[in-house]
Amino acid sequence: MLSISNLHAAYGKVEVLHGISLEVPKGKVVTLIGSNGAGKTTTMRAISGMIKPVSGTVMLGGKDITGLDSHRISRAGLAHSPEGRRVFSTMSVNDNLMLGAFPRLTGSRPKGDVNADLEKAMELFPRLKERRTQLAGTLSGGEQQMLAMARAVMLNPDVILLDEPSMGLAPILVDEVFRIIRNLKERGVTMLLVEQFAAAALNVADHGYVLENGRIAVSGPAEKLRDDPAVKAAYLGG
Amino acid sequence: MEILLQLLFSGIALGMIYAVIAFGYQLTFATSGTLNFGQGEALMLGALVGLSLVSTIHGGPYLNFWLMIPVVMVFGALQGAVVEWIGVRPAIKAKSEFGWIMSTIALAIIFKNVAENIWGKDDLTFPSPVSATPFHVFGANVQLMQVLVVIGAIAMMLAVELFNRKSIYGKAVVATSNDPDAAGLMGINTGMVITFSYALSSATAAFAGVLVAPLTLTGATMGTSLGLKAFAVAIIGGLTSGMGAVVGGLILGISETLTGFYVSTGYKEVPGLVLLLLVLAIKPAGLFGKAAIKKV
Ligand SMILES: Nc1ncnc2c1ncn2[C@@H]1O[C@H](COP(=O)(O)OP(=O)(O)OP(=O)(O)O)[C@@H](O)[C@H]1O
Ligand SMILES: [Mg+2]
């Protein structure tokens, strides 16, 4: 579904990604793990158009989306829940969710039943249900994270990129985030997941890639990576 | 007493004009962090194009006053889009922090020169669409046009507010002001939103131009001081608050008419501008503002 080959990306003149290739097959969950500064967020940004890749290709369902503006990539069916949540703080929870469906509401993606999907999102993210009219900026960190994920789901996308959905959350909320990811997976949603909790990420994922200094160091089926001694030592706490 | 009341009424009408122009400054600031320093010239062009449409100076009249308003607003929108396209977009692309200041001022001067060539340097009279004979409210004289200015200004601001709150496109504008990168991820073309905000802002100014023109003299220089004073209002009220624009506009409008009558017309602008200096010193974000001018 999502296919990246030989992706290079830079901030200014400093190259951060030195040729990344990865595959996210339809209906699968793929996780990208790596230490701080390895380039996980940069990879996601280069995929979704937040930054322009220097070279390489990004294909979404057979369509070349390399270097397109982020709004075009979103309309092509890729949702990105970015690092740091980035909810629209002066707007209500409902409005944030409607904006997630912006391409559907404005004719650049099949509309489907947006209202029904809104109700489904409320079922999936019960914390948002009783806060529909609350301003997003006044939500707790955990609630904002739920909103950022729900907003991505509202696109009805072909692929969702989730960048550290559990960042800064209390353990009980981390569990809830992973429960939701599992739930989405059961519904057949294709996802690329970046997580600091590598063990948990490899548990839910089908496939994993380990990123080191802007290069893929190891990759393989998730259960293989879980048992890989080097991966264990470096990312799974021994 | 009647005189005081009458001055208050004139001050309110003038203040609402300032408020609408200040509101226009806020529209572009919200989406792009930039301001159109040619806002006053957008107003002037609106008034003069309107004048050509409703009077005989260019072989007209072609339209009556009411039908002319939407045409002038479309003209204003196009003019604003041109300003954004030529003056602002390149500066934003180049991440130039001050480029847009230079280019919007330069475009303003060009628009003024063009207007002087088309409509001349002398002030013209704009025919009033309604009876200019004043009526009496508590003994004070009020012109119907003054009432229309207030109603029109409020209607314009409410319409934009309603659009922002209720329509999905308006929500896209608000989302872009919140976080342009995240808005892009929602499929919102934020470059288009910025162009739109310039178009809307100039359309608003052009609308203010045809509202104020029947009450003042109309000419190529009419916009400069209005634009500058409305800028003061936008700063006094805060660049992020529509309410601030209204309150700031009323403060400046009323203080101007009162000082003009009770002190001297030569000093009429002083109190309002002193207030601006005070606000800047005490509360740089403005009376109702949340944040000071942020970086581009
Ligand atoms: N906006 C930026 N400008 C310049 N350099 C940046 C920027 N964002 C990230 N970098 C640099 O790029 C490299 C990769 O950063 P990136 O954010 O992709 O890492 P990450 O794997 O997501 O890390 P983390 O786990 O901390 O989120 C780092 O060296 C970082 O300093
Ligand atoms: Mg990161």
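Shown above is the structure to which this text applies.
Residues numbered from 1 in each chain as written. Chains lettered and ligands numbered in written order. Predicted model: local features only at pLDDT ≥ 70, side-chain atom pairs only at ≥ 80, totals over all residues. Heavy atoms only, no water.

Engineer: Mind showing me how you'd approach the site of ligand 1 here?
Structural biologist: All names here are of chain A. As a structural note, the neighbourhood of ligand 1 is formed by 13 residues, with Gly37, Lys40, Thr41, Thr42 and Glu83 the closest of them. Contact between ligand 1 and threonine 41: an oxygen atom at 2.7 Å from a side-chain N or O atom of the residue. Between ligand 1 and glutamate 83, the relevant distance is 2.8 Å, taken from an oxygen atom to a side-chain nitrogen or oxygen of the residue. Tallying contributions element by element places helix α1 (residues 40-48) first for the shell around ligand 1, with four residues. A class-by-class count of the residues in the shell around ligand 1 yields three nonpolar, six polar and four charged. (Near = heavy atom within 4 Å. Polar contact = N/O pair within 3.5 Å; in protein donor to acceptor, adjacent residues only side chain to side chain. Helix = DSSP H or I, 4+ residues; strand = E, 2+ residues; numbered from the N terminus. Nonpolar A, V, L, I, M, F, W, Y, C, P; charged D, E, K, R; others polar.)

Engineer: Explain the coordination of the magnesium ion (ligand 2) here, please?
Structural biologist: Angles at a metal have ideal values that depend on geometry: 109.5 degrees with four tetrahedral donors, 90 or 180 degrees with six octahedral donors. Residue and element names in this part refer to chain A. Only Thr41 (OG1) and Glu83 (OE) from the protein coordinate the magnesium ion (ligand 2), and they sit 1.9 to 2.1 Å from it. Here glutamate 83 lies in the loop between β6 (78-81) and α3 (93-100) and threonine 41 lies in helix α1, a separation of 42 residues in the sequence. For glutamate 83, a relative accessible area of 29% gives the class partly exposed. (Donors = N, O, S within 2.8 Å, 3.2 Å for Na, K, Ca; no water. Buried < 20%, exposed > 50% of the residue type's maximum accessible area, 1.4 Å probe, protein only.)

Engineer: Looking at this model, I keep getting lost on the interface of chain B and chain A. Mind explaining?
Structural biologist: Buried accessible area, meaning the area lost when the parts come together, often serves as the stated size of an interface. Taken together, the contacts link 17 residues of chain B with 22 residues of chain A. Carbon and sulfur atoms make up 65% of the surface buried where chain B meets chain A, a total of about 1800 Å² over both sides. Per-residue buried area on chain B facing chain A is highest for Ile168(B), Leu185(B) and Met186(B); these three make up 38% of the total on that side. Counting across the chain B and chain A interface gives three salt bridges. A salt bridge links Lys171(B) to Asp95(A); the nearest nitrogen and oxygen atoms lie 2.9 Å apart. For the interface between chain B and chain A, the tally reads 10 residue pairs in polar contact (both at pLDDT 80 or more). Ranked by the residues each element gives to the side of chain B that touches chain A, the list is headed by helix α6 (residues 168-178) of chain B, at seven residues. A per-class count over the side of chain B that touches chain A returns 10 nonpolar, four polar and three charged. (Contact = heavy atoms within 4.5 Å. Buried area = accessible area lost by both parts, 1.4 Å probe. Salt bridge = Lys/Arg side-chain N within 4 Å of Asp/Glu carboxyl O.)

Engineer: I'm lost on the packing of α3(A) against helix α5 (residues 114-124) of chain A in this one. Help?
Structural biologist: For any two helices packed against each other, one specifies the inter-axial angle together with the distance between the axes. Residues and elements named next belong to chain A. Where α3 contacts α5, the two axes come as close as 11 Å, and the packing angle between them is 125 degrees. What the angle tells us is that α3 and α5 run oblique. Where α3 crosses over α5, the handedness of that crossing is right-handed. When α3 is examined against α5, the residues Asn94, Leu97 and Met98 are found in contact with a partner set consisting of Val114, Asn115, Leu118 and Met122. Across the contact of α3 with α5, the residue classes break down as five nonpolar, two polar and no charged. (Axes fitted to C-alpha atoms, helices over the stretch in contact; angles between N-to-C directions. Parallel < 35°, antiparallel > 145°, perpendicular 65-115°, else oblique. Left-handed = near helix turned anticlockwise from the far one by under 90°.)

Engineer: What's the story with helix α5 (residues 144-166) of chain B in this structure? I'm lost.
Structural biologist: Because an α-helix completes one turn every 3.6 residues, residues spaced three or four positions apart along the sequence face the same direction. All names here are of chain B. Helix length check: α5, at 23 residues, gives a terminal C-alpha distance of 32 Å against a target of 33 Å (1.5 Å per residue), a fit within 8%. Taken as a whole, α5 has its buried residues at Met145, Gln146, Val149, Gly152, Ala153, Met156, Met157, Val160 and Asn164. The secondary structure elements touched by the buried residues of α5 are α1 (2-32), α3 (65-93), β3 (140-142), α6, α8 (190-212) and α10 (242-262). (Expected span 1.5 Å × (residues − 1).)

Engineer: Quick question: what am I supposed to make of the packing of aromatic side chains here?
Structural biologist: Centre distance and the angle of the planes are the two values used to describe a pair of aromatic rings. Residues and elements named next belong to chain B. Under the defined criterion, the tally for this structure stands at eight aromatic pairs over all chains. For the pair phenylalanine 37 and tryptophan 100, a centre-to-centre distance of 6.0 Å together with 5 degrees between the ring planes defines the contact as stacked. Of the two residues, phenylalanine 37 is situated in the loop between α1 and α2 (39-54) and tryptophan 100 in helix α4 (residues 99-119); the sequence distance between them amounts to 63 residues. Relative accessible area serves as the criterion here: at 23%, phenylalanine 37 is assigned to the partly exposed category. (Phe/Tyr/Trp six-rings, centres within 6.5 Å; stacked < 30°, edge-to-face > 60°.)

Engineer: I keep staring at the sheet that holds strand β9 (residues 207-212) of chain A and nothing clicks. Help me out?
Structural biologist: By way of backbone hydrogen bonds, the strands of a sheet pair with one another, either parallel or antiparallel. Residue and element names in this part refer to chain A. A sheet is described by the order of its strands in space; here six strands give the open sequence β6-β7-β8-β3-β9-β10, paired in mixed fashion. Looking at strand neighbours, the two that pair on one side only are β6 and β10 (215-221), the edges of this open sheet. With strand direction ignored, the average angle separating the axes of adjacent strands in the sheet is 15 degrees. Taken together, the five bridges between strand β7 (residues 159-163) and strand β8 (residues 190-194) define a ladder with parallel strand orientation. When the bridges of β8 are listed, leucine 161 appears paired with leucine 192. Sitting on the sheet, α1 is in contact with β3 (29-33), β6, β7, β8 and β9, with an inclination near 150 degrees to β7. Seen against the sheet, helix α7 (residues 141-153) touches β6 and β7 and runs at an angle of roughly 175 degrees to β6. (Pairing = 2+ DSSP bridges.)

Engineer: Would you take a moment to explain the sheet that holds strand β5 (residues 63-64) of chain A for this structure?
Structural biologist: Residue and element names in this part refer to chain A. Strand order across the open sheet formed by four strands is β2-β1-β4-β5, with antiparallel pairing between neighbours. A strand with exactly one partner marks an edge of an open sheet, and here the two such strands are β2 (14-24) and β5. Pairing geometry for strand β1 (residues 2-11) and strand β4 (residues 55-60), over five bridges, is antiparallel. Counterpart to histidine 8 in the pairing with β4 is serine 55.

Engineer: I would appreciate a short explanation of the packing of α3(A) against α7(A) in the present structure.
Structural biologist: Residue and element names in this part refer to chain A. Where α3 meets α7, the closest approach of the two axes is 7 Å, and the angle between their N-to-C directions is 35 degrees. The handedness of the crossing between α3 and α7 comes out as right-handed. Where α3 abuts α7, its residues Val93, Asn96, Leu97 and Gly100 lie against Leu147, Ala150 and Arg151. The class makeup of the residues in the contact of α3 with α7 is four nonpolar, two polar and one charged.

Engineer: Please clarify how the environment of Leu78(B) should be interpreted in this entry.
Structural biologist: All names here are of chain B. Examined against the element boundaries, leucine 78 turns out to sit in helix α3. Among the residues examined, leucine 78 registers a relative accessible area of 56% and is labelled exposed. Linking leucine 78 and glycine 237, residues 159 residues apart in sequence, is a C-alpha distance of 28 Å.

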